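Chains, contacts and geometry: an overview
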Amino acid sequence: AQKVTQAQTEISVVEKEDVTLDCVYETRDTTYYLFWYKQPPSGELVFLIRRNSFDEQNEISGRYSWNFQKSTSSFNFTITASQVVDSAVYFCALSDLTGANNLFFGTGTRLTVIP
Amino acid sequence: GAVVSQHPSRVICKSGTSVKIECRSLDFQATTMFWYRQFPKKSLMLMATSNEGSKATYEQGVEKDKFLINHASLTLSTLTVTSAHPEDSSFYICSAREGGKDNEQFFGPGTRLTVL
């Protein structure tokens, strides 16, 4: 069965600090996708990244970077030089490709960036 | 990019009434649509998956007669909360996918339902 664990419920950082959001997943599938979404207070889900299980290369996009470690089943997300606009709930998610490709979401990490 | 809309964005209704939420894919054909529910400060839980022209597949614990899902066209799916009660108050989010499983889901902005 698929499971996504985000152990950090809430994190607060001061503006310009770096912050890493942890995500650990479980799946029996050999082929799957991992995602990160941002949910600001307005509620809509903002897609950040999708990573195929075969691609373990780390990715950087501006102040965002992702570290995919298949050996530890982790897909961590780092925000560098955090800004107040980064304050949101961040969800890690997993989808399998052998089933209906449903998305399984973690419980989310609420990030507060203090000015 | 692909856009999914939901209507209404917010609805308040009295207990016992039915509420219909629409989910539309604006610039692509959504062969599959998903409905999620999110309680305050909680994660998104998949309620059901619907394929155009077929009956929806509900997740365990989701009442089919309570949450009626219709996916009558490739651009529209509706979720009707029948005889709504205060415990149905939640944030409902749809997503839509074009084509096969390898394709991405695009999320709507969500509908906040409050049942008095």
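Preceding this section is the structure that the text describes.
Source: prediction; values computed, not measured.

All names here are of chain B. As summarised here, the arrangement of the four strands in space is β1-β3-β8-β7, forming an open sheet in which the pairing is antiparallel. Each having just a single partner strand, β1 (4-7) and β7 (67-73) make up the two edges of the open sheet. Strand-to-strand twist across the sheet, computed as the mean angle between neighbouring axes with direction ignored, equals 15°. Strand direction decides the pairing type here: β7 and strand β8 (residues 76-81), joined by five bridges, are antiparallel.

Ranked by size, the top nonpolar core spans 25 residues in total, and within it B:Trp35, B:Tyr58, B:Phe67, B:Ile69, B:Leu79, B:Tyr92 and B:Leu113 carry the most contacts. Residue assignment for this core shows that the elements contributing at least two residues are β2 (10-13), β3 (19-25), β4 (32-38), β5 (44-51), β7, β8, β9 (90-97) and β11 (111-115) of chain B. Among all residues touching B:Leu79, those that are not within four sequence positions of it are B:Val19, B:Lys20, B:Ile21, B:Trp35, B:Phe67, B:Leu68, B:Ile69 and B:Tyr92. A:Val13, A:Tyr64, A:Trp66 and A:Cys92 belong to the second-largest nonpolar core, a separate cluster that totals 24 residues.

With that settled, consider the pattern of salt bridges. Within this structure, the stated rule accounts for five salt bridges over all chains. Note that A:Arg51 is salt-bridged to A:Asp55, the shortest N-O span being 3.6 Å. With relative accessibility at 4%, the residue A:Arg51 sits in the buried group. B:Asp88 is paired through a salt bridge with B:Lys66; the nearest N and O atoms lie 2.7 Å apart. Note that B:Asp88 is positioned in the loop between β8 and β9 and B:Lys66 in the loop between β6 (57-58) and β7, a separation of 22 residues in sequence. A single salt-bridge network, built from bridges that share partners, covers A:Arg51, A:Asp55 and A:Glu59.

Listed as interface residues are 20 residues of chain A and, on the opposing side, 20 residues of chain B. Taking both sides of the interface into account, the surface hidden between chain A and chain B amounts to around 1600 Å²; carbon and sulfur atoms contribute 49%. Seen at the junction of chain A and chain B, the total is zero salt bridges. At the boundary of chain A and chain B, one finds two residue pairs in polar contact (both at pLDDT 80 or more). The set of elements that each furnish at least two residues to the side of chain A that touches chain B consists of β5 (32-39), β6 (46-52) and β11 (103-105) of chain A.

Analysis parameters
Residues numbered from 1 in each chain as written. Chains lettered and ligands numbered in written order. Predicted model: local features only at pLDDT ≥ 70, side-chain atom pairs only at ≥ 80, totals over all residues. Heavy atoms only, no water. Pairing = 2+ DSSP bridges. Helix = DSSP H or I, 4+ residues; strand = E, 2+ residues; numbered from the N terminus. Axes fitted to C-alpha atoms, helices over the stretch in contact; angles between N-to-C directions. Core = buried A, V, L, I, M, F, W, Y, C linked by side-chain atoms within 4.5 Å. Buried < 20%, exposed > 50% of the residue type's maximum accessible area, 1.4 Å probe, protein only. Contact = heavy atoms within 4.5 Å. Salt bridge = Lys/Arg side-chain N within 4 Å of Asp/Glu carboxyl O. Buried area = accessible area lost by both parts, 1.4 Å probe. Polar contact = N/O pair within 3.5 Å; in protein donor to acceptor, adjacent residues only side chain to side chain.

Purely geometric stuff here, so don't read any function into it on its own.
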